[in-house]
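Listed here are the chains, written in short residue letters.
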Amino acid sequence: MKKKLLSLFIVLVFVLTSFSSFTTSSGVAKAIDPDSIVTVEQAVLDEIQTNGSASYWIQFKNTVDLSPAYTMSWSDRGWFVYETLLKQADENQAQVRSYLTGSKVEFQSYWINNSILVTSSDKTVLTDIQKFEGVESIQARKSFILYEPDTSAAVFDNGVKAVEPNLTHVNADDVWGMGIDGSGLVVANIDTGVRYTHQALVGHYRGNDGGTFDHNYSWWDPYGDHPASPADDNGHGSHTMGTMVGDDGGANQIGIAPGAEWIACRGCNTSSCTDTALLSCGQFMAAPTDLSGGNANPDMRPNAVNNSWGDCGQSYDSWYSSPINAWLAAGIYPIFSNGNASNCGYSSPPGLNTVGNPARSGNVTGVGSSGEQNGQYATHSNWGPTDNLDTVNPVDGFANMKPQVLAPGVSIRSSVPNSDTSYEDGWSGTSMSAPHVTGLVALIWQAAPCLI
């Protein structure tokens, strides 16, 4: 009898061990959760079926609570968010990183949303990854576009214009007269880069210390095209930054918050924006790094981030929700352009439910366009409603309203990167509107520091 019980015990232990561990193809033993189900996007399976390999995201479960950050000081909350998310990623991803390294599979880890990008792997690796504890899903690569403006009426205009009419229309000059110009605040954009030496921008660049430049913590180019200092091969980023802070110290006043400083991340290298660059920029905004991408310092993060990129989706996509939530917990205000009808092939006006992601996220300020001086809704500006409700600040009870605010976005004049003295008028789009709101946040927070 004793021998039978002993045999039964040995079998039972063997069965339980078999269900609680496995050995990967590279020989790495790993405990698994038999109740976990990892979803795999069909696009990943299709790519492997067609090509024999695929590039994909490994999404790990996000279980950390960032809510304590909201009661902390500016410095403490920034470090809390960064260290909490970094610790989660290091702990959750450790065994998968080890397995991928052992399998000689190239990958890139991101702490901002607890994910790993696999550059390319075969089906065996994909199957093994799904068995690791903490893996939530396997997702296909994402693609986003720059919300390119209509520049058909654009003209070079380097003449002295004094205060731009779009700024007097929103009474920015009256606020400056009260001594409120955004001083003490830092704004940023995730865009195509910035010509930092432009006369309207150089004096406001945080990396400028009296003419001596240190670009660490103020610039990041995930593409690696301009690793040493800010640059703009497109023009879009220089134009949006001009609307935020531009002022040449003379009569060219193009920015709504000329007292604020700026930093930037090159999330889009042309008219497209890669998922990896956008995540890298998301991390940089929450915890800026030196030019090597190391020595992160959350104390150097901006107060508000302008985004003029997105997709043409007509339903909510949570892919960028983790960076946004991290920004909010760290005290960073997120602003997104609502998108333009022309970018997505819509009619003009575009009609209902045309706002893309991430602008349709309920916890960001989505910005639409009005005329330069008349306040009328511009025909190029995409419409709501959104299917991701704003539960924090619903506009007059309308939690599905997008955009939440309008700003001038028709025929806007701002800085362009052709030279240090180049300006261009006639740009129209929600990309021209959103920077007004980003600069406005700096004005409001200077006036009421308690809101920071």
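The present account deals with the structure reproduced in this document. Predicted model only: the values in this text are computed from it and were never measured.

**A short note on the packing of aromatic side chains**
For the structure shown, the criterion picks out 16 aromatic pairs. Between F144 and W309 the ring centres are 5.4 Å apart and the planes differ by 85°, which places this aromatic pair in the edge-to-face class. Remark: W309 occurs in strand 19 (residues 309–310) and F144 occurs in strand 8 (residues 143–146); sequence separation between them is 165 residues. Since its relative accessible area comes to 6%, F144 is described here as buried. With relative accessibility at 0%, the residue W309 sits in the buried group. Joined through ring pairs, the aromatic side chains of W57, Y110, F144, W309, W319, Y320, W327 and F336 make up one cluster. Lying over the aromatic face of Y70, R77 brings its terminal NZ or CZ to 5.4 Å of the ring centre.

**Some remarks on the pairing of strand 21 (residues 365–370)**
If a strand is regular, its side chains alternate between the two faces of the sheet. Taken across its six residues, strand 21 has six buried, putting it largely inside the fold. Judged by which residues are buried, strand 21 turns out to be covered on both faces: T365, V367 and S369 on one side and G366, G368 and S370 on the other are all buried. With three bridges connecting them, strand 20 (residues 333–337) and strand 21 associate as parallel partners. When the sheet's bridge partners are listed, S337 is paired in strand 21 with V367. Sheet topology note: the strand 21/strand 22 (residues 405–408) ladder contains four bridges and is parallel.

**Let's talk about the sheet that holds strand 9 (residues 155–156)**
On the basis of which strands lie adjacent, the open sheet formed by three strands has the order 9-24-23 and antiparallel pairing. Only two strands of the sheet have a single partner each, and these edge strands are strand 9 and strand 23 (412–415). Two elements, strand 23 and strand 24 (residues 423–427), share three bridges in a ladder whose sense is antiparallel. In the sheet register, I412 faces strand 24, and the bridge partner there is W427. Packing against the sheet, helix 7 (residues 236–245) makes contact with strand 23 and strand 24, and its axis sits at approximately 105° to strand 23.

Here is what the cut-offs are and how they apply
- Residues numbered from 1 in each chain as written.
- Predicted model: local features only at pLDDT ≥ 70, side-chain atom pairs only at ≥ 80, totals over all residues.
- Heavy atoms only, no water.
- Phe/Tyr/Trp six-rings, centres within 6.5 Å; stacked < 30°, edge-to-face > 60°.
- Helix = DSSP H or I, 4+ residues; strand = E, 2+ residues; numbered from the N terminus.
- Buried < 20%, exposed > 50% of the residue type's maximum accessible area, 1.4 Å probe, protein only.
- Lys NZ or Arg CZ within 6 Å of the ring centre and 35° of its normal.
- Pairing = 2+ DSSP bridges.
- Contact = heavy atoms within 4.5 Å.
- Axes fitted to C-alpha atoms, helices over the stretch in contact; angles between N-to-C directions.

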